[in-house]
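Each chain, letter by letter, is given below.
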Amino acid sequence: MMCEESDASLIVRAKQDPAAFGELYARYVGHIYNYICYRTGNDQDAEDLTARTFYRALNHFPGYEDRGAPFSAWLYRIAHNLVANWHRDQSRRTMVSLDDVVLRAPQGRGPAARAEKSDEKDVLLTAVRRLAPERQHLIILKHVEGLTNAEIGEVMGRTEGAIKSLYHRTLVSLRDDLAGEWGERV
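If you're wondering where the values come from, they're calculated on a predicted model, not measured in any experiment. Throughout this document, residue positions are counted from 1 along each chain, in the order its sequence is written. Where totals are concerned, whole chains, interfaces and linings use all residues; where local detail is concerned, this predicted model gives features only for residues with pLDDT of at least 70, and gives and counts side-chain atom pairs only at 80 or more. Calculated side-chain values reflect all of the structure's heavy atoms, with hydrogen atoms and water omitted.

**A short note on the nonpolar core**
At step 1: For the purposes of this section, nonpolar cores are sets of buried Ala, Val, Leu, Ile, Met, Phe, Trp, Tyr and Cys residues that join through side-chain atoms within 4.5 Å. For each residue, the accessible area found with a 1.4 Å probe, counting protein chains only, is set against the maximum for its type, and the residue is called buried under 20%, exposed over 50%, and partly exposed in between. Of all hydrophobic cores here, the largest spans 45 residues; its most connected members are Phe21, Leu24, Ile36, Phe61, Phe71 and Leu141.
At step 2: By definition, any uninterrupted DSSP run of H or I lasting at least four residues is a helix, any uninterrupted run of E lasting at least two residues is a strand, and each is numbered from the N terminus. Secondary structure elements with two or more residues in this core: helix H1 (7–16), helix H2 (21–40), helix H3 (43–60), helix H4 (71–90), helix H6 (110–130), helix H7 (133–144), helix H8 (149–156) and helix H9 (160–185).
At step 3: By residue number, the principal contributor to this core is H4, which donates nine residues.

Have a look at this one:
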């Protein structure tokens, strides 16, 4: 059984042989595409921005230095900056679409269970969409991409402690928002 080559050794090899960058691309393109798609809500723009992310990463790769953070954090940071510029250029604020994520989750049995889950999903998505873009970004990185607080800090340019604090405030805000929403529905 063959072990997968570590990012660190792939990076060293890619610095000598640019074709090895393709292995890093293959490893992370799906994750970066999903992240961008959630941020833009649009497949075509996500494809374009994913290509730009890796083009920019390849151009800046010779200057890449391992500073203890995962290589993926560097890619997410590039993607984040491109998405922020895209939103600014579009002169509109597209809310994060978590529909695909929730729809991929296992469904309950029978139409009543699916209807109940659908109602809960709609309430949750509406509450998430009311969050500030930075907090939506945090929720995606944490719950969709499964990044640690330290990795999220690298992507968002904050300390791990600042991410923990922002995450806590975001959860409290969502809880309060959902408590109000569920109170109105009862």
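**Describing H7**
At step 1: Here the expected length of a helix is defined as 1.5 Å per residue gap, with one fewer gap than residues. With 12 residues, H7 should reach 16 Å at 1.5 Å per residue; the first-to-last C-alpha distance of 15 Å fits that figure.
At step 2: Among all positions in H7, only Arg135, Gln136, His137, Leu138, Ile139, Ile140 and Leu141 are buried.
At step 3: Where H7 terminates, the next one or two residues include glycine 146, which has phi positive at roughly 70°.

**Here's the deal with the environment of arginine 135**
At step 1: Within the element layout of this structure, arginine 135 appears in helix H7.
At step 2: Along the primary structure arginine 135 and threonine 170 are separated by 35 residues, whereas in three dimensions their C-alpha atoms are 6.5 Å apart.
At step 3: Working rule for contacts: check all heavy atoms of both residues, and any pair within 4.5 Å makes them a contact. What arginine 135 contacts, discounting residues up to four positions off in sequence, is Leu166, Arg169, Thr170 and Ser173.

**A closer look at the packing of aromatic side chains**
At step 1: Two rings from Phe, Tyr or Trp (for Trp, the six-membered ring) form a pair when their centres sit within 6.5 Å of each other. Planes less than 30 degrees apart are called stacked, planes more than 60 degrees apart edge-to-face, and all others tilted. For the structure shown, the criterion picks out nine aromatic pairs.
At step 2: Relative to phenylalanine 61, the ring of phenylalanine 21 lies with its centre 5.2 Å away and its plane at 70°, an arrangement referred to as edge-to-face. With phenylalanine 21 in helix H2 and phenylalanine 61 in the loop between H3 and H4, this residue pair connects regions lying 40 residues apart in the sequence.
At step 3: Overall, phenylalanine 61 belongs to the buried group, its relative accessible area being 4%.
At step 4: A centroid spacing of 6.3 Å and a plane angle of 0° characterise the contact between phenylalanine 61 and tyrosine 64, whose relative ring orientation is stacked.
At step 5: Looking at tyrosine 64, the relative accessible area reads 9%, which means it is buried.
At step 6: Chaining the aromatic ring pairs together yields one cluster made of Phe21, Tyr28, Phe61, Tyr64, Phe71 and Trp74.
At step 7: The rule for a charge over a ring is simple: NZ of Lys or CZ of Arg within 6 Å of the ring centre, and within 35 degrees of the ring normal. The ring centre of phenylalanine 61 lies 5.4 Å from the NZ or CZ of lysine 15, which sits over that ring.
At step 8: Here the basic side chain of lysine 142 rests over the ring of tyrosine 167, its NZ or CZ set 5.1 Å away from the ring centre.

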